[in-house]
Amino acid sequence: MSEKIKAPKGLAGVIVDETKVSKVMPEINSLVYRGYPVQELAELCSFEEVAYLLVHEDLPTQSQLHDFAAKEKKYRGLSDHLQQVIALFPADAHPMDKVRTGISYFGMEDKLIWDPDSDRDPQTNRDKFMLLLAKIPTIIAYAYRQEKGQKPIPPSDTLSFSENFFYMCFGEVPAPEVVKAFDVSMILYAEHSFNASTFTTRVITSTLSDLYSAVVGGVGALKGPLHGGANEQVMHTMLEIEDPGKARQWMLDALREKRKIMGFGHRVYTNGDSRVPTMKKYMQQMASSKKGEKWVDMYEILEQTMVEQKGIYPNLDFPTGPAYYMMGFDIQWFTPLFVMSRITGWSAHIIEQAADNRLIRPLSEYTGVAQRSPLPVGSRK
Ligand code: COA
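Residues numbered from 1 in each chain as written. Predicted model: local features only at pLDDT ≥ 70, side-chain atom pairs only at ≥ 80, totals over all residues. Heavy atoms only, no water.

Enquirer: Is there a simple way to explain the overall build of the chain in this structure?
Expert: Helices and strands together make up the secondary structure of the chain, namely 16 helices and 3 strands. For 381 residues, the compact-globule estimate of 2.2 N^0.38 gives 21 Å, and the chain sits close to it at 22 Å. Taking the principal axes of the C-alpha coordinates as reference, the chain spans close to 75 × 55 × 45 Å. Here the chain, with 381 residues, has 49% of them falling under the buried criterion. For the chain, the proportion of contacts with a sequence separation of at least 24, taken over those separated by at least 6, is 75%. (Helix = DSSP H or I, 4+ residues; strand = E, 2+ residues; numbered from the N terminus. Rg over C-alpha atoms; globule rule 2.2 N^0.38 Å. Buried < 20%, exposed > 50% of the residue type's maximum accessible area, 1.4 Å probe, protein only. Contact = heavy atoms within 4.5 Å.)

Enquirer: Where do I start with the pattern of salt bridges in this structure?
Expert: Opposite charge on two side chains lets them pair, provided their charged atoms get close. According to the stated counting rule, one finds 15 salt bridges in the structure shown. A salt bridge links aspartate 97 to arginine 100; the shortest N-O distance between them is 3.1 Å. Pair noted here: aspartate 97 and arginine 100 are both in helix 5 (residues 95-110), with a separation of 3 residues, about one helical turn. According to the relative accessible area criterion, arginine 100 is partly exposed, its value standing at 32%. (Salt bridge = Lys/Arg side-chain N within 4 Å of Asp/Glu carboxyl O.)

Enquirer: Would you take a moment to explain the packing of helix 14 (residues 293-310) against helix 15 (residues 317-327) for this structure?
Expert: A packed helix pair is summarised by two numbers, namely the angle formed by the two axes and the spacing between the axes. Interaxial distance between helix 14 and helix 15 falls to 11 Å at its minimum, and their mutual angle equals 170°. Looking at the two axes, helix 14 sits roughly antiparallel to helix 15. Together, Trp295, Tyr299 and Leu302 of helix 14 and Phe318, Pro319, Pro322, Tyr325 and Met326 of helix 15 make up the contact between the two elements. Residue composition of the contact of helix 14 with helix 15, grouped by class: 8 nonpolar, no polar and no charged. (Axes fitted to C-alpha atoms, helices over the stretch in contact; angles between N-to-C directions. Parallel < 35°, antiparallel > 145°, perpendicular 65-115°, else oblique. Nonpolar A, V, L, I, M, F, W, Y, C, P; charged D, E, K, R; others polar.)

Enquirer: It is not clear to me how the environment of glutamate 3 should be interpreted in this structure. Could you clarify?
Expert: Looking at where glutamate 3 falls in the secondary structure, it is placed in the segment before strand 1 (22-25). Through-space distance from the C-alpha of glutamate 3 to that of proline 322 is 49 Å; in sequence the pair is 319 residues apart.

Enquirer: Can you help me understand the site of the ligand in this one?
Expert: Taken together, 16 residues sit near the ligand, with Lys260, Ile261, Gly263, Phe264 and Arg267 positioned nearest. Between the ligand and isoleucine 261, the relevant distance is 2.7 Å, taken from a nitrogen atom to a main-chain nitrogen or oxygen of the residue. Within the side chain of arginine 267, a nitrogen or oxygen atom sits 2.8 Å from an oxygen atom of the ligand. For the ligand, whose free accessible area comes to 850 Å², the fraction covered by protein is 62%. (Near = heavy atom within 4 Å. Polar contact = N/O pair within 3.5 Å; in protein donor to acceptor, adjacent residues only side chain to side chain. Areas by Shrake-Rupley, 256 points an atom, 1.4 Å probe, with all protein chains shown as cover.)

Enquirer: I tried to follow the nonpolar core on my own but got confused; where do I start?
Expert: Note on soluble globular proteins: their nonpolar side chains tend to be buried together. In terms of nonpolar packing, the biggest core is built from 101 residues, with Ile103, Phe165, Phe182, Met327 and Phe329 touching the most fellow members. Residue contributions to this core peak at 12 residues, all from helix 6 (residues 122-147). Residues in contact with methionine 327, not counting those within four places in the same chain, are Phe166, Phe170, Val178, Ala181, Phe182 and Met286. (Core = buried A, V, L, I, M, F, W, Y, C linked by side-chain atoms within 4.5 Å.)

Enquirer: Would you mind showing me how to read the pairing of strand 2 (residues 30-33) here?
Expert: Along any regular strand, the residues point their side chains to alternate faces of the sheet. Alternating positions in strand 2 separate into two faces, Ser30 and Val32 on one and Leu31 and Tyr33 on the other, with burial throughout. One ladder, built from 4 bridges, connects strand 1 with strand 2; its direction is antiparallel. Bridged to lysine 23 within strand 2 is valine 32. Counting the residues that bridge the hairpin from strand 1 to strand 2 gives 4 residues, and of these asparagine 29 lies at a positive phi of roughly 50°. (Pairing = 2+ DSSP bridges.)

Enquirer: For this particular structure, what's the right way to read a nonpolar patch on the surface?
Expert: Taken together, the side chains of Leu11, Val14 and Val16 present a nonpolar region at the surface, about 200 Å² in accessible area. Mapping valine 16 onto the fold places it in the segment before strand 1. On the basis of relative accessible area, valine 16 is assigned to the partly exposed category, the value being 40%. (Patch = residues over 30% accessible without salt bridge, like charges linked within 9 Å, V, L, I, M, F, W, Y side chains within 5 Å.)

Enquirer: I'm lost on the packing of helix 5 against helix 6 in this one. Help?
Expert: Across the interface, helix 5 lies against helix 6 with an axial gap of 9 Å and an inter-helix angle of 135°. Between helix 5 and helix 6, the angle is such that the two are oblique. When you trace helix 5 past helix 6, the crossing you get is right-handed. In this structure, helix 5 uses Pro95, Lys98, Val99, Gly102, Ile103, Phe106 and Asp110 to contact helix 6, whose residues at the interface are Lys128, Leu131, Leu132, Lys135, Ile136, Ile139, Ile140, Ala143, Gln146 and Glu147. Per-class residue counts for the contact of helix 5 with helix 6 are 10 nonpolar, 2 polar and 5 charged. (Left-handed = near helix turned anticlockwise from the far one by under 90°.)

Enquirer: For this particular structure, what's the right way to read the environment of arginine 145?
Expert: The topology assignment puts arginine 145 in helix 6. Between the C-alpha atom of arginine 145 and that of serine 364, which follows or precedes it by 219 residues, the distance is 45 Å. Apart from residues no more than four positions distant in its own chain, arginine 145 is found in contact with Gln150, Lys151, Pro152, Ile153, Met168, Cys169 and Phe170. A distance of 2.9 Å separates the side chain of arginine 145 from the backbone oxygen of cysteine 169, its partner in a polar contact.

So, in C-alpha cells, the structure goes:
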C-alpha cells in the first residue's frame, strides 16, 4: 500500500479491524456480547454460560453447559511443579506479575513443542482457553494465600466457578448475594471489544505466536492503571477519603488540582459506561450484609460531584473497587480478578484473529535527530 494514513495518537476513534465478539454502542450506552445486551446476561446467566457464549459464539444448551462446567471443574488443579513455582514467588512481587508468571509457566507445561499450524486451529485454542479458564483462579488463589504465608486450599470439584474461587481464597463460600455480585463482576469484565489488552493479544496472535504468549501479553497490558489497575486505585481513593462527609470536598480539591480521578472517564463511553448501573446495583445489594453502607454513600457523593463539575461518569472500575473490598480481597489483588474474567474475551479475540489473520504492523513517523554525517572509519575502535 503506497498511501500512508496518519492515525491520531492512541488510535482514538480509529477502526482497525472487524469483530463478531462484542459491540460497544456509546451513543445508546449499550454493550452486547455476541448480540446479547450485557445487562441481560448479568441478570439471567452464570459466568460459565457467558464464558461459553464468548468463545463458542452462542449460549450453551443445558447439556453443552453441563459438559463445559464439568471440564472447567476437572481442569482446576495445578501440577506439583507449578505449585512449587508459586511457592517460590517473592511475597512482595506485584500480584499481576505473579499471575503473568503462573500463566507463562503453565503454557510451557501444556505445550512442549511450539506448533504455529495447530495454534491457528480454533479447537486447539478453545482447548487451551478451557485449561486457562479453570487454572487461572487456582493460580491466583494459591498466590494470594502464599503472599500471606497461608497453605493453599485445593479447588473443589463441585462448587461453581465463583463459589470455588471464594473457597480457595478464604476456605468458605460467602452469602449468595456476595457470590452473585462477584459472578456479575466476572460477566461485566469479560469482554469489551478492542481495549488495550485485547488489542495486545490480537497483535501477538497476528505474528502466529501461540495463545499463552498472547494471554501473557494481555496480562501485562491489563496491569496498567489506565486500564485494569483502576479498580485498585478507586479503593485507595475511598480509603484516603475515609468519611463520606469529606467526599465532596475531596473531589472538588482534586479537580482544582487537575488530578485524574481513577474509576471515572472512558475512551469509548462519554455518557456513562453501560456496565456501571448493573454492577452498582449488586454492589449496593451486598453492602448491608458486609457493613459497607459507608462506601455506597461515598460512591454516590463522588459520582454526583464529578458529573456535576465535569460531566464525566464512572466506569466499571468504580463500583467493582468497593465491591471487591467488601468481599474481603486485598486491594493489590483486584486486577488479577479481572484476568480471571477477561481470559474469555481475550480467547474469543485470539480465535477470531487467528481465523482471518494479517500481521498487525503499523508505521511510525520519525521525529528523531536528522541523519548525521558518516562516522569516520575506525573512529569507534
Ligand atoms: N479524572 C479527571 N479528569 C478526567 C478523567 C478523570 N478520570 N478522565 C478524563 N478526564 C478529562 C481529562 O483531564 C481531559 O480534560 P482536558 O481536555 O481538560 O485536558 C479530558 O477529560 C479527556 O481525557 P483523556 O485522558 O484525554 O481521555 P482518554 O480518552 O484518553 O482517556 C481514560 C480515557 C480512561 C484513560 C481516562 O478517562 C482516565 O485516565 N481515567 C482514569 C483511569 C480509569 O479509570 N481507567 C479505567 C478505564 S475503564
